[in-house]
Every structure is written in C-alpha cells, then in structure tokens.
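Close look at the chain arrangement
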Amino acid sequence: MDKLNVAFVIPAYNEEKNLPGILEDLKAQQEGSCRVVAIVVVDDVSTDNTPQVVKDFQEKMSNLRYIRNETSTLRAGAMNRGIFSLNQADVDLVIAIDADCRAASDLADQAAQAFLRDDETLGGVCSRFGVLSLETLMPNLKKRSWHADAMAWILWRLQKLEGAGFDASRTATHENVLILHGLCSAYRLKALQEVGGFPEGHLIEDYATTMKLKRRGYTAKFCPSMRAWTDVPLTIKSLLRQRERWGLGGLQVLQEFGIDRNTLEDAINHVAFIGLFLVIFCSLVLNIAKTGTIAGGWNGASDPMMLLSIAVALVGYTYSVYQLTFLEKRDWVDYVVKLALIPELAYAMLMSGLQVVIYVKFLGGSKGTWYTKDGTKKEITQEYKQEFVQL
C-alpha cells in the first residue's frame, strides 16, 4: 500500500474563532504518503456561529463534513460520533485534533509515513507538544489589565518550556508512550473502533484510550515529525482547573486499569512524588518540634534533608536545561527564564501544591469537573452513551 486514506475528526464547542485557522491548515495538507478523504467537525451543541463557519468552508472543501450533537457529550462523545461515522473500507487512519490547535502542512503525511514504516500492531502515534504563539492567543482574551497580561506572558512562557519537557519524556519512551495525547494523535481506525472509541465519562479520555489499545495488543508511539500547536491557559484559575482535571483523570485511569507494565511508569512517578514529599515534610516537622521555630527546622548544610532537597533540585534543574534542546523555535528569553530559576521554581511549587490537593480530592471520592474555555462547568458522569457505538 503506497498511500493511506486519512480522516480528521475535530470536536468543537463554540469554536467560531478557532475553526478557520485549523480548517485552513487541513485544507493545505500535503498528500505525499496519504489522501485526506474526510474532515469531520462534530459540533457539541455550540451556541455561537460554529455551524456557519463550517458551512462557509464546505463551499471550498468537498471533503468537509458537519455533524451536530443534540445533547452535549463532551470531547469523548463528540470524537466517537465522528469516528463511528467513518468506514474502515474508506479510511485507514483517523487523526484527532482539537479546534483550537494549528497543524503543520505535512501533519497527515508524517502520520501516514509512521504507520507505513511500522506493522499492523501500531495502534496510534502522537505529535510533538507545540504551544501557539502569544500573539495568536492574546486576541482571544477579554479586555485585561497590565498585570493580567504580564501573568499571561509568564504562564505562556512556562508552559512553552514545559511542553519541551513533555517531548523529552516522550522521546525517552518513544516506542511505548504513556499517553497518546489529546492535542493531536493519529490512530489506526480499525484499532480505535475495535476498542469502542474514546471511553466517555473520563476526565482525560486520551489516557484511557491508550490503555485500551495496549490491552488489545496495539502499540502507542511518539512521532516527533508530526507537528501541531495548541492553546494553553493564560490565567492561574484556568491553568489550575486544567491541571486538576488532568491529575484526577490520571488517578482514575490508574484506579480503573490497575498497575501493569503499561501504567507502571505513571505509578512510579506518583510513588516518588509522595515519598519525597512525606520524607521532607516529616523531617521538617520533626526538626521544628525539636527547636520550636520554623527557622530552626533546618540545620543548615549538615541537615540530611536539606542535602537531599538540594541534590534533587540540582538533578531536576540539570535535566530541565537539557530539555531546552527539544524546544522548537527557542529564543534568548527562554534561556533567561531557565537561568533565572525563580519563575520555574514558583511554577513547580504551584504544581506540587496542586498535586497534593488532587490526592486529597481523589481520596475523598471527587469525580472532577470539566470546564470549557469560556468557564462553563460541566459535570463528569459515566452516563454519556452513544447509540451508534455498537461493536
């Protein structure tokens, strides 16, 4: 087979501002090793001008399809409706990409090449984690003050650096990635339909889907030549909401699938975080109890916990500097932020504190909440079912 038939599925909720960008990108896809036979936009009960945007593009894109849900099924349900509208006889690969993303012109071609190089057991490949430029993201924000704009710049820059870390981790495990992430991943349609599509009612359906594929005997790999860029939260509130959903969702997947060779990496990361946190916290409390003051809690350079903390910090910092090599279009400001230490240290402390909160909520039985980009709150339940999903 010299060419693979590729279909894109785009879940959309109030995406009138973002859809033109991604549709233009998909319209311009190069077709060296593939044919883009379908682009499916699944409208999850949008209340804006999303339907008209798609209709306008259909006049110049013959392969563009539009499906509208009558009730909201969130991202997983919208993806499933698009996936199960496709026929395996006509489509080999399906690329799941969000409406607020942008895609390189050779995205489909690179995905097809990855599958052509591999065997039939390859279930999916994921792209690099790119972050859209700040100039692209800022117009989407409401009128803001200078300090809110400054915070947006800092959060954008830190998440851009963080994305390089994600890619570094995926490169290290490129033959068996933990998650085929939701930003942009390509799946063998046969495999995805075989496992029932994306499990609905999950906070992070991409992790659960990857586990289902692996349990069925398929592999999940990283394809660094696939390039896509995504929107990122530019306020503390939206960032914490997103990361809480990710964190709770990850724990729920571990709870559902258990610890095996596919989830072991994730389980070890949780054990390491909890262990280090407890060791440092307990040591600090014990030292404070002895001295009676916070300042006396550390015994200077001779304190084993102080030395352990410094050692862990140095190892982490050295690795984070190395991760810069995975950052696409890095500039001198990225190096300044990295060398300054304080921004990333504050960010790490914020994420560590949130992780503790996530553990507490998980143990308390929290099912989590899905917030749309406009702040709309949507509760997660296990009751979202689609009549068309029948295998």
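My aim in this report is to walk through the structure given alongside it, one point at a time. (Residues numbered from 1 in each chain as written. Predicted model: local features only at pLDDT ≥ 70, side-chain atom pairs only at ≥ 80, totals over all residues. Heavy atoms only, no water.)

Describing the state of the cysteines
The full count for this structure, using the stated rule, is 0 disulfides. Looking at the unpaired C126, the closest cysteine sulfur is the one in C223, lying at 8.5 Å. Classification of C126 by relative accessible area gives buried; the value is 0%. (Disulfide = S-S within 2.5 Å. Buried < 20%, exposed > 50% of the residue type's maximum accessible area, 1.4 Å probe, protein only.)

Regarding the nonpolar core
Among soluble globular proteins, nonpolar side chains are generally buried collectively. Of all hydrophobic cores here, the largest spans 49 residues; its most connected members are F8, I10, L19, L23, I39 and I97. No other element matches helix α4 (residues 107-117), which puts 6 residues into this core. Apart from residues lying up to four places away in sequence, I39 is in contact with F8, I10, L23, L26, M61, N63, L64 and R65. If you look at the next biggest cluster of nonpolar residues, it comprises 28 residues, including V9, V40, V195 and L213. (Core = buried A, V, L, I, M, F, W, Y, C linked by side-chain atoms within 4.5 Å. Helix = DSSP H or I, 4+ residues; strand = E, 2+ residues; numbered from the N terminus. Contact = heavy atoms within 4.5 Å.)

Looking at a nonpolar patch on the surface
Among the surface-exposed residues, I274, F277, L278, F281 and V285 lie close enough to one another that they form a single nonpolar patch of about 420 Å² accessible area. Within the secondary structure layout, I274 lies in helix α10 (residues 264-291). (Patch = residues over 30% accessible without salt bridge, like charges linked within 9 Å, V, L, I, M, F, W, Y side chains within 5 Å. Areas by Shrake-Rupley, 256 points an atom, 1.4 Å probe, with all protein chains shown as cover. Salt bridge = Lys/Arg side-chain N within 4 Å of Asp/Glu carboxyl O.)

Details of unusual backbone geometry
Even without glycine at this site, V45 takes up a positive phi of about 60°. Structurally, V45 can be placed in the loop between β2 (34-43) and α2 (50-58).

So, the side chain of D106
With respect to the helices, strands and loops of the structure, D106 is situated in the loop between β5 (102-103) and α4. Not counting residues within four places of it along the chain, the set of residues in contact with D106 comprises Q29, Q30 and R227.

Description of the sheet that holds β5
Ordered by their spatial adjacency, 3 strands build an open sheet running β5-β10-β7, and the pairing between neighbours is mixed. Each end of this open sheet is capped by a strand with a single partner; those strands are β5 and β7 (130-131). Bridge analysis of β5 against strand β10 (residues 228-230) gives 2 bridges, and the strand direction is antiparallel. Paired with R102 across the strands is W229, a residue of β10. (Pairing = 2+ DSSP bridges.)

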